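Below, each chain spelled out in residue letters.
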Amino acid sequence: MATMGQLWANTGSTLATLMFTYTIFRRWFPHVGDYLEPFFQRLFSRFYPYIQIKFHEYSGERFKRSEIYSGIQSYLSRDSSLRAKKLKANTTKGSKSLVLSMDDREEITDEFESVTVWWESKKVRTTRQSFSFYPAADEKRYYMLKFHRRDREVIIERYLEHVMKEGKMIEMKNRERKLYSNTPGQNHRNQTKWSHVTFEHPASFDTLAMEEKKKEEIKNDLVKFSKSKDYYKKIGKAWKRGYLLFGPPGTGKSTMIAAMANFLEYDVYDLELTTVMDNTQLRSLLIETSTKSIIVIEDIDCSLNLTGQRKKKEEEDGDEKKAVEKKMKDEGEKKESKVTLSGLLNFIDGLWSACGGERIIVFTTNFVDKLDPALIRKGRMDKHIEMSYCGFEAFKLLAKNYLDVEKSELFDEVKRLLEVEEIKMTPADVGENLLPKCEGEEAETCLKRLVEALKEEKEEAKRRVEEESKQKNEEEEKKKRRKGKEEEMKANKEENKKKIEENGEEEH
Ligand SMILES: Nc1ncnc2c1ncn2[C@@H]1O[C@H](COP(=O)(O)OP(=O)(O)OP(=O)(O)O)[C@@H](O)[C@H]1O
Ligand SMILES: [Mg+2]
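Each value, and the rule that gives it
Residues numbered from 1 in each chain as written. Chains lettered and ligands numbered in written order. Predicted model: local features only at pLDDT ≥ 70, side-chain atom pairs only at ≥ 80, totals over all residues. Heavy atoms only, no water. Helix = DSSP H or I, 4+ residues; strand = E, 2+ residues; numbered from the N terminus. Contact = heavy atoms within 4.5 Å. Areas by Shrake-Rupley, 256 points an atom, 1.4 Å probe, with all protein chains shown as cover. Disulfide = S-S within 2.5 Å. Buried < 20%, exposed > 50% of the residue type's maximum accessible area, 1.4 Å probe, protein only. Pairing = 2+ DSSP bridges. Lys, Arg positive; Asp, Glu negative; His and termini not counted. Salt bridge = Lys/Arg side-chain N within 4 Å of Asp/Glu carboxyl O. Axes fitted to C-alpha atoms, helices over the stretch in contact; angles between N-to-C directions. Patch = residues over 30% accessible without salt bridge, like charges linked within 9 Å, V, L, I, M, F, W, Y side chains within 5 Å. Charge placed at Lys NZ, Arg CZ, Asp CG, Glu CD. Domains from an automatic or database assignment. Buried area = accessible area lost by both parts, 1.4 Å probe. Polar contact = N/O pair within 3.5 Å; in protein donor to acceptor, adjacent residues only side chain to side chain. Nonpolar A, V, L, I, M, F, W, Y, C, P; charged D, E, K, R; others polar. Left-handed = near helix turned anticlockwise from the far one by under 90°. Phe/Tyr/Trp six-rings, centres within 6.5 Å; stacked < 30°, edge-to-face > 60°. Near = heavy atom within 4 Å. Arc of directions from axis to C-beta.

**Q** Which residues make up the overall build of the protein chain, and what are the values?
**A** The secondary structure content of the protein chain amounts to 17 helices and 13 strands. Partitioning the intrachain contacts of the protein chain with sequence separation of at least 6 by distance along the chain shows that 68% fall at a separation of at least 24. Roughly 32500 Å² of accessible area belongs to the protein chain as shown, and the carbon and sulfur atoms make up 51% of that amount.

Okay, here's the thing in structure tokens:
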């Protein structure tokens, strides 16, 4: 493909003649030159068929690097590393790897819809009046885009948008992902603020132990969501999706969130509701979240008083004392936070929808039936995922990940215990048993330890059932006795009343 230099060679001689004539003319007739300048410019543009656009590294705010410049740099990085002869390696803030870009005065060509464009990386020296310790600051860099004027429409209307979009995507892929958490600030209103660390959780869908079919379904759902910008726009819905993860402790809810974030390459915002003072604060925190992020509220049942339905039921059941006690306890705990259920719902439905980019919100809970149905209805929590005890398929994956074992005689025994005996053990406990406890511990030993633990769990479960039924019997017995006593007291009362009445009649 012809470089800009070669193309210049063709038009060069004509332009050189013109330039020469123009310079001589200006020298000899400086005043007439001013009048004729527009004419010469028109003449140049007739012979020079290319349009140039400059993209400066720093524009507007002096110390803020232009987003457009870094977008172009990322966009060109792929082609630059393949084709440019001189490269520059940069480490950009927040980027997890080196970004290779073409060095100053390098040029590469790009093609878009059969149109060729030329990108050149340029540098100019500016002279400063004042003394500076930073000589590099006197150099201004920019990218120069050149294209034929017949392609103006394609470039202005589509190519530049394509460059920015692709550049952003490459930047997103390259960036270091973050885990944000809200911490109370030191200011007078104690406003909570996001603080962040690098998100480096190793969990992935490959290491997550759950049925393959279920895993695929979740992955497909995530992919579909992340690619549906236009679809969400078409149906007039905010580009967001809610997931509710529920299940006993240790079944992998938090691990699943990390796997989701790694899968989509999203940031994670871990929202601790109890430190948020009120709905207004909640709103401002959420507005600050960036696009392509997962907002997580763990143990939602503990974070807020969202158990309205259940409380009502307890009161109806006549267990008033318990309900009052609970209310007092709740009030004590919630003295700090005044975030309400309706505040939370508004955030999910309203404000949230006004934020442009894609966001996923995940709630986790150990007790799904504790939650108010309004919170978890479809549209708010679109997908409910049950994380359950370890099945045989999940066990096989853990054995492969933890011990690198795909087959063993003990597998049949584990299968029998999990499927026939229906022993319930969380993937966290299975993993703990499979984890070698000392250097060089045999896989078979770890598997045996798991089998033993499963058997113990069976005995434990039996004991628990017995204990529960014993407790139940005792309670029933107590109830019966109390009822008997009450009836006896009632009978005594009746008798006394009767006696008093009889005595009264005799006196008369
Ligand atoms: N399904 C799973 N696949 C792989 N590892 C798992 C799975 N479930 C649990 N684990 C392991 O157990 C540990 C605890 O799991 P995790 O924190 O995800 O459970 P959780 O459901 O969030 O529990 P909690 O309800 O107490 O928050 C993790 O570090 C992980 O290593
Ligand atoms: Mg958890």
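There's plenty left to go through after this.
**Q** Quick rundown of the state of the cysteines? Include the residues and the values.
**A** Linking two cysteines covalently through their sulfur atoms gives a disulfide. Considering all chains together, one arrives at 0 disulfides under this definition. No disulfide involves C438; its sulfur sits 8.2 Å from the nearest other cysteine sulfur, which is in C446. Here C438 falls in the partly exposed class, since its relative accessible area comes to 49%.

**Q** How would you summarise the pairing of strand β7 (residues 178-184) if you had to cite specific residues and measurements?
**A** Sheet faces and side chains relate simply in a regular strand, where the side chains alternate between the two faces. Examined bridge by bridge, β7 and strand β8 (residues 192-198) share 7 bridges and lie antiparallel to one another. Bridging across to β8, P184 finds its partner in T192. Where β7 and strand β10 (residues 267-270) come together, 3 bridges link them in parallel fashion. Across the sheet, S181 pairs through a bridge with D270, a residue of β10.

**Q** With reference to specific residues and values, describe the side chain of K253.
**A** Mapping K253 onto the fold places it in helix α7 (residues 253-264). Despite its burial, K253 remains without a salt bridge, the nearest opposite charge being carried by D299 at 6.2 Å.

**Q** For the sheet that holds β7, give the residues involved together with the corresponding values.
**A** With mixed pairing, the 7 strands of this open sheet are ordered in space as β8-β7-β10-β11-β12-β9-β13. At either end of the open sheet lies a strand with only one pairing partner, and these are β8 and β13 (383-386). Strand-to-strand twist of the sheet, defined as the mean angle between neighbouring strand axes without regard to direction, takes the value 25°. As paired elements, β10 and strand β11 (residues 293-297) share 4 bridges and run parallel to each other. Bridge pairing in β11 links D267 to S293. Its contacts with the sheet put α7 on β9 (240-246), β10, β11, β12 (359-365) and β13, and the angle it makes with β12 is roughly 170°.

**Q** Go over a negative patch on the surface, please, and point to the residues and values.
**A** Residues E466, E467, E468, E474, E475, E476 and E477 make up a contiguous surface patch of negative charge. Note on placement: E467 falls in helix α17 (residues 443-507). The exposure class assigned to E467 is partly exposed, which follows from its relative accessible area of 45%.

**Q** Which residues make up the domain arrangement of the protein chain, and what values do they have?
**A** Parsing the protein chain into structural domains produces domain 1 (49-174), domain 2 (178-386) and domain 3 (394-460). When domain 2 packs against domain 3, the two sides together hide about 540 Å² of surface, and 67% of this comes from carbon and sulfur. Counting every contact that joins domain 2 to domain 3 gives 0 salt bridges. If you look at where domain 2 meets domain 3, you find 1 residue pair in polar contact (both at pLDDT 80 or more). Here the side of domain 2 that touches domain 3 is built from residues that sort into 4 nonpolar, 3 polar and 2 charged.

**Q** Explain the packing of helix α14 (residues 392-403) against helix α15 (residues 410-420) to me, using residue names and the numbers behind them.
**A** To describe two helices that pack against each other, one gives the angle between their axes and the distance between the axes. Put simply, α14 and α15 touch, their axes get as near as 10 Å, and they point 140° apart. Viewed along their axes, α14 and α15 form a crossing whose handedness is right-handed. Between α14 and α15, the contacting residues are F392, F395, K396 and A399 on the first element and F411, V414, K415, L418 and E419 on the second. Among the residues making up the contact of α14 with α15, the classes are represented as 6 nonpolar, no polar and 3 charged.

**Q** Outline the packing of aromatic side chains, supporting the account with residue identities and numerical values.
**A** Inspection of every chain in the model, using the stated rule, returns 16 aromatic pairs. Here the aromatic rings of F112 and Y159 are separated by 5.3 Å at their centres, their planes lie at 55°, and the arrangement is tilted. Note that F112 is positioned in strand β4 (residues 107-112) and Y159 in helix α4 (residues 152-174), a separation of 47 residues in sequence. Y159 gets classed as buried once you look at its relative accessible area, which sits at 0%.

**Q** Tell me about the sheet that holds strand β5 (residues 115-125), and please be specific about residues and values.
**A** If you walk across this open sheet you meet the 4 strands as β1-β6-β5-β4, and the pairing is antiparallel. The open sheet has two free edges, formed respectively by β1 (50-56) and β4, since each of these has just one partner strand. On average, each strand axis in the sheet is tilted by 25° relative to the strand beside it, whichever way the strands run. Its contacts with the sheet put α4 on β1, β4, β5 and β6 (139-148), and the angle it makes with β6 is roughly 130°.

**Q** Tell me about the pattern of salt bridges, and name the residues and values.
**A** Applying the stated criterion across every chain yields a total of 19 salt bridges. Ionic pairing is found between K458 and E421, a salt bridge with its closest N-O pair at 2.8 Å. In this pair, K458 is assigned in helix α17 and E421 in the loop between α15 and α16 (427-434), connecting sequence segments 37 residues apart. Of the charged contacts, one joins R464 and E457 as a salt bridge, the two residues approaching to 3.1 Å between their closest N and O atoms. Given the relative accessible area of 40%, R464 is considered partly exposed. Its relative accessible area of 21% is what places E457 among the partly exposed residues.

**Q** Give a description of the site of ligand 1 that names residues and reports values.
**A** In the region of ligand 1, 14 residues are neighbours, and A209, G250, K253, S254 and T255 sit closest. In the model, an oxygen atom of ligand 1 is placed 2.9 Å from a nitrogen or oxygen of the G250 main chain. Within the backbone of T251, one N or O atom sits 3.3 Å away from an oxygen atom of ligand 1. In the complex, the protein chains occlude 72% of the 630 Å² of accessible area that ligand 1 would expose alone.

**Q** Which residues make up a positive patch on the surface, and what values go with them?
**A** Taken together, the side chains of K478, K479, R481, R482 and K485 define a basic patch exposed on the protein surface. For R481, the location among the structural elements is in helix α17.

**Q** Before we move on, could you go through α15 and cite the residues and values that matter?
**A** What α15 keeps buried is the set L410, F411, V414, L417 and L418. Summarising the axial view, the buried residues of α15 lie within an arc of 130°, below the 170-degree limit, and thus occupy one face. Opposite the buried face of α15, by more than 90 degrees, sit the exposed residues D412 and V420. Positioned one or two residues after α15, E422 has a phi angle of 55°, which is positive.

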